[in-house]
Amino acid sequence: MTIKNLSKMAAMAAVVVAGFASCSDDDDVNTSTVAGTQAALDQACADWKTARANWENTEAFLFGAADVYSIDPHTDTWPVDATALSRVLGDNTFMNDIDNQIKTASVGILGYHGIEYVLFREGKPRNISQITDLEYKYVCAVAKDLYNATATLEATWDSEESNVERHKIALAYISSHKGVNDDDEQTEELEGYTNFGKAFKNPGTGDWETALDATLEIIAGCQDIIGEVGDSKIGLPYSHEDDTYIESPYAYNSIVDFYDNIISCKNALYGGVGATTPNAKSLIYFCLNSNNSTLKSQAEAVQAKLDNALAKIDAMKKPFALYYSDSSCGAAIDALGELDDALETLKTTLSGYAGNATVEAQCKVINANYVDNVILLTYRTLADNAYKLYQSILDIKTK
């Protein structure tokens, strides 16, 4: 898409936003603007970016609860469906029961990007005078639902079920939301509550028959998001296959999203949140110190390709929403492809140790650390900051 076309898109979005005040012929539709402060809105935008980074740090492990309970599409679908959003804002039946309606609404108006659409324009917080009471009511409900979704992720990966309040939220969330199919359509009731943390740590009790199966899922989860970032998030706009497929376009947060996605892989492989070197209970540490020259060299290749992919993403011309055709995007795509290949090679080698008692025992150690010090810790931080975001959005009208 050319800059001219992008500007046209932005203008169309502005029309839709302006149309929120008159998106229905119903004379009872509230057309007033929110009584709040710019400082409070700016704080909500800052908290959105923090909570957004936390979410992107989870994308190397979107299996388990995020998949089974359709939390990924429910909270992270884009592009925003501006037409549907305008329609629901003018629907009194929907808006008068919004906390319940939002649970099974079209995913195109929910989650991080529904909130982003209200709070940001062209990489900056919107002017508070542009936000209507209807938008405020809507975004409060979406932020509350987002918090409940993240609390569910934490609770269902906490093998000790240590947070009673978030466990209750999870049970309520699972019973009140619907599944989402590949076409982003609401489908059947969700499956019942499962503790994925326990299942991952204890092979044969859930989706993973052996400890090695679970360890291989660590790699597969990384490959899934690496492929998505390279082929879809960057690749679709870069190739002009879909110029509208731009993540976080209103906050100009795309490249930060991509980088944080690959950081989620580094955390997973290195066995800790923010890890700069592999810890002693991590998958990469095991491969580097297993007295197996093949595993060691393959793990070293993964480390090198991982660092290169992060560097290439960081070097992309910013913002991606304006420069998605730049050659730096192609360089990042190539680096991500090399990282995926390196992980596939390592995964293939590890798969050959199926049934090896020594490897199985070590995998149990890797998996327990992965659940407690990567997945659970990331989800707990995510839920904490999603709650902070919800509170800061509420504060827009009170501060």
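Everything numeric in this text was worked out from a predicted model, so none of it was measured.

Quick question: what am I supposed to make of unusual backbone geometry here?
Trans is the prevailing form of peptide bonds, just as negative phi is the prevailing case for residues other than glycine. Across the junction of W78 and P79, the peptide omega takes the value -5 degrees, indicating a cis bond. Among the structural elements, P79 can be located in the loop between α4 (71-76) and α5 (82-89). We note that H240 has phi near 65 degrees; this positive angle belongs to a residue other than glycine. Here H240 shows up in the loop between α12 (211-238) and α13 (254-270). A relative accessible area of 42% means that H240 is categorised as partly exposed. Located in the positive-phi region is Y252, a residue other than glycine, with phi close to 55 degrees.

Would you explain the packing of α13 against helix α15 (residues 293-314) in this entry?
The packing of two helices is summarised by the inter-axis angle and the distance between the axes. Contact geometry of α13 with α15 gives a least axis separation of 9 Å together with a crossing angle of 165 degrees. Classified by the angle between their axes, α13 and α15 sit roughly antiparallel to one another. The way α13 lies across α15 gives a crossing that is left-handed. Where α13 abuts α15, its residues I255, F258, Y259, I262, I263, K266, L269 and Y270 lie against V302, Q303, L306, D307, L310, I313 and D314. The residue inventory of the contact of α13 with α15, partitioned by class, reads 11 nonpolar, 1 polar and 3 charged.

Looking at this model, I keep getting lost on the packing of aromatic side chains. Mind explaining?
Between two aromatic rings, the relevant description is the distance of the centres plus the angle of the planes. Evaluated as defined, the whole model comprises 19 aromatic pairs. Summarising the aromatic geometry, the rings of Y69 and F196 are spaced 6.0 Å apart at their centres and angled 70 degrees between planes, so their arrangement reads as edge-to-face. Of the two residues, Y69 sits in the loop between α3 (65-68) and α4 while F196 sits in helix α11 (residues 196-201), which places them 127 residues apart along the sequence. Under the relative-accessibility criterion, F196 is labelled buried at 3%. The residue whose ring lies beneath R52 is Y112, and the NZ or CZ to ring-centre distance is 5.3 Å.

Mind showing me how you'd approach the pattern of salt bridges here?
Where charged atoms of side chains with opposite charge meet at close range, the side chains can pair. The full count for this structure, using the stated rule, is 19 salt bridges. For D99, the salt bridge goes to K144, with nearest N and O atoms at 3.8 Å. Remark: K144 occurs in helix α9 (residues 133-157) and D99 occurs in helix α7 (residues 98-101); sequence separation between them is 45 residues. A salt bridge links K178 to E189; the nearest nitrogen and oxygen atoms lie 2.5 Å apart. With a gap of 11 residues between them, K178 in strand β3 (residues 178-180) and E189 in strand β4 (residues 186-189) connect regions that are remote in the sequence. The partly exposed category is assigned to K178, whose relative accessible area is 27%. Several salt bridges converge on common partners, so that one network encompasses R52, E56, E59, D76, K233, E247 and D257.

Please explain the pairing of β4 as it appears in this structure.
On any regular strand, side chains alternate: one points to one face of the sheet, the next to the other face. Two elements, β3 and β4, share 2 bridges in a ladder whose sense is antiparallel. Residue pairing in the sheet places K178 in a bridge with E189 of β4. Hairpin connection of β3 to β4: 5 residues between the antiparallel strands, including D184 at a positive phi of 60 degrees.

How should I be thinking about the nonpolar core in this particular structure?
Membership of the largest hydrophobic core comes to 119 residues, with the highest contact counts inside it found for I115, L119, Y138, W157, I234 and I393. Not counting residues within four places of it along the chain, the set of residues in contact with I393 comprises A44, I115, L119, Y136, V139, C140 and A143. Residues Y147, A151, I169 and A386 belong to the second largest nonpolar core, which totals 5 residues.

Can you walk me through the packing of α9 against helix α10 (residues 164-176) in this structure?
Two elements in contact, α9 and α10, have axes whose closest approach is 8 Å; the angle formed by their N-to-C orientations is 110 degrees. As the angle between them shows, α9 and α10 are arranged roughly perpendicular. Classified by chirality, the crossing of α10 by α9 is left-handed. Of α10, the residues touching α9 (which contributes D145, Y147, N148, A149, A151, T152, E154, A155 and T156) are R166, H167, I169, A170, Y173 and I174. Looking at the contact of α9 with α10 residue by residue, the classes come out as 8 nonpolar, 4 polar and 3 charged.

Would you mind going over helix α2 (residues 38-56) with me for this structure?
The periodicity of an α-helix, 3.6 residues per turn, causes residues three or four positions apart to be oriented the same way. Helix length check: α2, at 19 residues, gives a terminal C-alpha distance of 27 Å against a target of 27 Å (1.5 Å per residue), a fit within 8%. Buried within α2 we find A40, L41, A44, C45, D47, W48, A51, R52, N54, W55 and E56.

Any chance you could explain the confidence of the model for the chain here in plain terms?
The predicted coordinates ought not to be read in detail in places where the model reports low pLDDT. On average, residues of the chain score 92 in pLDDT, and 92% of them are at 70 or above. Throughout residues 1-27 the model reports pLDDT below 50, and contacts reaching past four residues in sequence, or to other chains, amount to 32 contacts.

Is there a simple way to explain the environment of A35 in this structure?
Among the secondary structure elements, A35 is positioned in the loop between α1 (3-18) and α2. Leaving out residues up to four positions away in the same chain, A35 has contacts with D133, I396 and K397.

How should I be thinking about helix α8 (residues 111-119) in this particular structure?
Counting buried positions along α8 gives 9 out of 9 residues, so the element sits mostly inside the fold. Within the sequence span of α8, burial applies to G111, Y112, H113, G114, I115, E116, Y117, V118 and L119.

Conventions adopted
Residues numbered from 1 in each chain as written. Predicted model: local features only at pLDDT ≥ 70, side-chain atom pairs only at ≥ 80, totals over all residues. Heavy atoms only, no water. Helix = DSSP H or I, 4+ residues; strand = E, 2+ residues; numbered from the N terminus. Buried < 20%, exposed > 50% of the residue type's maximum accessible area, 1.4 Å probe, protein only. Axes fitted to C-alpha atoms, helices over the stretch in contact; angles between N-to-C directions. Parallel < 35°, antiparallel > 145°, perpendicular 65-115°, else oblique. Left-handed = near helix turned anticlockwise from the far one by under 90°. Contact = heavy atoms within 4.5 Å. Nonpolar A, V, L, I, M, F, W, Y, C, P; charged D, E, K, R; others polar. Phe/Tyr/Trp six-rings, centres within 6.5 Å; stacked < 30°, edge-to-face > 60°. Lys NZ or Arg CZ within 6 Å of the ring centre and 35° of its normal. Salt bridge = Lys/Arg side-chain N within 4 Å of Asp/Glu carboxyl O. Pairing = 2+ DSSP bridges. Core = buried A, V, L, I, M, F, W, Y, C linked by side-chain atoms within 4.5 Å. Expected span 1.5 Å × (residues − 1). pLDDT = per-residue confidence, 0-100.

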